[in-house]
Amino acid sequence: MSVGTGHGDAARSMALLWRAPEVPRSAPGPRQALTVDEIVAAAIEVADEAGMAGLSMRAVGARLGRTAMALYTYVPSKAELVDLMYDRAHGELPTHYDLAEGWRPAVTSWARDLWAFYIRHPWTLTVSYARPVLGPDEQAVLEALVRILFEAGLSARVLRRVVGALFHFVRGAAAAVADSRRAAAATGMSDEQWWSTRSALLQQVAPDFAERFPMLVRLGVEAAAEERDAFLEGGRAPDLEDEATENFAVGLDVLLDGIERNRSAQVAVASGRTA
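The structure reproduced in this document is the subject of the present report.

About the criteria used
- Residues numbered from 1 in each chain as written.
- Predicted model: local features only at pLDDT ≥ 70, side-chain atom pairs only at ≥ 80, totals over all residues.
- Heavy atoms only, no water.
- Helix = DSSP H or I, 4+ residues; strand = E, 2+ residues; numbered from the N terminus.
- Rg over C-alpha atoms; globule rule 2.2 N^0.38 Å.
- Contact = heavy atoms within 4.5 Å.
- Areas by Shrake-Rupley, 256 points an atom, 1.4 Å probe, with all protein chains shown as cover.
- Lys, Arg positive; Asp, Glu negative; His and termini not counted.
- Charge placed at Lys NZ, Arg CZ, Asp CG, Glu CD.
- Expected span 1.5 Å × (residues − 1).
- Buried < 20%, exposed > 50% of the residue type's maximum accessible area, 1.4 Å probe, protein only.
- Phe/Tyr/Trp six-rings, centres within 6.5 Å; stacked < 30°, edge-to-face > 60°.
- Polar contact = N/O pair within 3.5 Å; in protein donor to acceptor, adjacent residues only side chain to side chain.
- Salt bridge = Lys/Arg side-chain N within 4 Å of Asp/Glu carboxyl O.

Let us look at the overall build of the protein chain. When helices and strands are tallied, the protein chain shows twelve helices and zero strands. Ordering the α and β elements of the protein chain from the N terminus gives α-α-α-α-α-α-α-α-α-α-α-α. Against the compact-globule benchmark of 19 Å for 275 residues, the protein chain has a radius of gyration of 23 Å, which places it well outside the compact range. For the C-alpha atoms alone, the extent of the protein chain along its principal axes is close to 70 × 65 × 35 Å. Looking at the protein chain alone, contacts between residues at least 24 apart form 75% of all its contacts between residues at least 6 apart. With the model as given, the accessible surface of the protein chain reaches about 16,100 Å², and the carbon-plus-sulfur share is 57%. For the protein chain, the separation between the mean place of its 28 positive charges and that of its 36 negative charges on side chains is 8 Å.

In structure tokens, the structure reads:
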């Protein structure tokens, strides 16, 4: 289930995110007993271990050796805490990419860094991106990508859409890995076991599957042949996580190819106007 951001008090969330000096304390309490940064760091640790389902003010307080009530002195509620966690976690990501070799290697590095970030913190994938938290660390990740794409020469209108496409692509690809890991842990069944069981049942309940879905069967047969060759070379059959990782790599290349074609078309049009 997706967890929304921006559900808490807007003024308090924004002031806490940007550490505005005029932020009032939420309730009376001992000064310097805790800091907002310590609370956020502990909350991220809880979410890394137990996911968003295991996150609560009580769980964070227990990690810090405090009661949940003690946290409300610094953070008004769990809603504001989620905003702070999501933003602060993004502070791990680089904010600058070398453009010496051009925009494409820089975008590739940015996407791979974001992918790895999501895999390290799968709970971030359950936080809705519909309404960004508008914090400094989240904005720094966006700033880094926009700087690269401006270097590529995209128009502002196209660039905005490309930014959205890249974010959604990386999140979706990383979510496939996170889902695979959760499924294996929840069922105690490997991907190979799951597919083996379901495939056998599918043959029983849909004996005409090949006639009804010939293109899917063709794709499966041809892909299986290629994967067998890869297995003979690598010594291990791909599982769902392997496939998700390859989907990310191939999909990113295709997406970047599209950006390059659009960029080249813009350059051609601009050249024609100035000729």
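Having seen it, we continue.
On to helix 8 (residues 156–187), then. Spanning 32 residues, helix 8 covers 46 Å between terminal C-alpha atoms, matching the ideal 46 Å at 1.5 Å per step. Within two residues after helix 8, Gly188 carries a phi angle of roughly 70°, on the positive side.

A negative phi holds for most residues other than glycine; trans holds for most peptide bonds. At Arg19, a position not held by glycine, the phi torsion is positive, near 50°. Tracing the backbone shows Arg19 in the loop between helix 1 (10–17) and helix 2 (36–50). Classification of Arg19 by relative accessible area gives partly exposed; the value is 32%. Look at Leu134: it is not a glycine, yet its phi comes out positive at around 65°. By the element assignment, Leu134 lies in the loop between helix 6 (103–120) and helix 7 (136–152). For Leu134, a relative accessible area of 41% translates into the label partly exposed.

Moving on, we get to the packing of aromatic side chains. For the coordinates displayed, the defined rule picks out seven aromatic pairs. Ring geometry for Trp110 and Phe167: centres 5.1 Å apart, planes at 85°, overall edge-to-face. Placement of Trp110 in helix 6 and of Phe167 in helix 8 is noted, with a sequence separation of 57 residues between them. Across this residue pair, the class does not change: Trp110 and Phe167 are buried. Relative to Trp195, the ring of Trp194 lies with its centre 5.0 Å away and its plane at 85°, an arrangement referred to as edge-to-face.

Turning to helix 1, a few remarks are in order. Among the residues of helix 1, those classed as buried are Arg12, Ser13, Ala15, Leu16 and Leu17. Check the buried side of helix 1 and you find it contacts helix 2, helix 5 (78–89) and helix 7. Where helix 1 begins, the side chain of Asp9 points an oxygen toward the backbone nitrogen of Ala11, at a separation of 3.3 Å. Downstream of helix 1 by a residue or two, Arg19 has a phi angle that is positive, lying close to 50°.

This next bit is on the side chain of His121. For His121, the location among the structural elements is in the loop between helix 6 and helix 7. At a separation of 2.6 Å, a polar atom in the side chain of His121 contacts the side chain of Glu92. Ignoring any residue separated from it by four or fewer positions in sequence, one finds His121 in contact with Ile44, Asp48 and Glu92.

What follows concerns the side chain of Asp87. Within the secondary structure layout, Asp87 lies in helix 5. The buried charged residue Asp87 lacks any salt bridge partner; its closest oppositely charged side chain belongs to Arg88, at an N-O distance of 5.8 Å. Once residues within four sequence positions are removed from consideration, Asp87 is found in contact with Leu17, Val133, Gly135, Pro136, Asp137 and Glu138.

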